[in-house]
Amino acid sequence: MKVYEFFIVSELKAFYGHLLTDIEKHASIKDHLTVVAQRMFQGMKEQNEAVWSQVNNYNPLHLGKGKEELCKLSWNLEDAQHTVANEHGFKNWEKIPSIPYNLLFEQAVNALLKGDLTTLKKLIQKDASLLSARSLYGHKATLLHYCGSNGVELWRQKVPYNLPEIVQYLLDEGADETAKMNVYGGEFTTIQLLQTSAHPKAAGLLDQLVPLFKDR
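What comes next is a walk through the structure.

Reading guide: rules and limits
- Residues numbered from 1 in each chain as written.
- Predicted model: local features only at pLDDT ≥ 70, side-chain atom pairs only at ≥ 80, totals over all residues.
- Heavy atoms only, no water.
- Phe/Tyr/Trp six-rings, centres within 6.5 Å; stacked < 30°, edge-to-face > 60°.
- Helix = DSSP H or I, 4+ residues; strand = E, 2+ residues; numbered from the N terminus.
- Buried < 20%, exposed > 50% of the residue type's maximum accessible area, 1.4 Å probe, protein only.
- Lys NZ or Arg CZ within 6 Å of the ring centre and 35° of its normal.
- Expected span 1.5 Å × (residues − 1).
- Contact = heavy atoms within 4.5 Å.

1. Let's talk about the packing of aromatic side chains
By the definition in use, this model includes six aromatic pairs. Ring centres 5.4 Å apart and planes at 40° place the aromatic pair Trp52 and Trp75 in the tilted group. With Trp52 in helix H3 (residues 49-58) and Trp75 in the loop between helix H4 (67-71) and helix H5 (77-87), the pair connects residues that are 23 residues apart, well separated along the chain. Owing to a relative accessible area of 2%, Trp52 belongs among the buried residues under this scheme. Aromatic pair Tyr101 and Tyr137: ring centres 5.8 Å apart, planes at 85°, arrangement edge-to-face. A residue pair is termed long-range when its members are at least 10 positions apart, and Tyr101 in the loop between H5 and helix H6 (103-114) and Tyr137 in the loop between helix H7 (117-126) and helix H8 (143-146) qualify at 36 residues. The residues Tyr101 and Tyr137 share a single accessibility class, namely buried. Residue placement shows Arg39 over the ring face of Phe15; its charged tip is 3.8 Å from the ring centre.

Structure follows, in structure tokens:
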């Protein structure tokens, strides 16, 4: 299935490689994000453009700053840790829990964002609680929230071209469209995030997605 990816998302995948997805190798979420933060710090030193996009989107001290301004600043590992924490919905590094991932949920998110509806259905048939499960990241996103391409991890803000079919399936199976995730200093539903995200519109799917939600 083809997937729409903003160029920064593709560059993040190229920069981090398998670090973002090889979560099984780490005993806890904090162990995994520690490695991600170390890689981000290396990108700061290399003045990597994709890393600057993470910084100006998620580091509260540097929101909206351009590449030239960011390149002039001094950076340390703590800056990277703070950015990584906020990208994953945590207020600070100390809030990241030392608990294992919910691997089944993460597999479902990855299948969803690849447009692999067959695998997503198999996972939900295996464990129907995935429909209401929430990410263990601080934003507490559900599978449906990940369909909004907004507010979740930057590298996961992508749009499979069969997203309308995926959303319809999740709703038909009982996913709660009124559920809210923690982001942007508040709580938002999937439709609110969807309508304020550039990615579904750029993919040409927004007009197909919005009517699927009753509360719009």
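2. Points about H6
Spanning 12 residues, H6 covers 17 Å between terminal C-alpha atoms, matching the ideal 16 Å at 1.5 Å per step. For H6, the set of buried residues is Leu104, Phe105, Glu106, Ala108, Val109, Ala111, Leu112 and Leu113. On its buried face, H6 is in contact with strand S1 (3-4), H7, H8, strand S2 (159-160) and helix H9 (163-172). Remark: Gly115 follows H6 within two positions and exhibits a positive phi of approximately 75°.

By themselves, these figures tell us nothing about what the structure is for.
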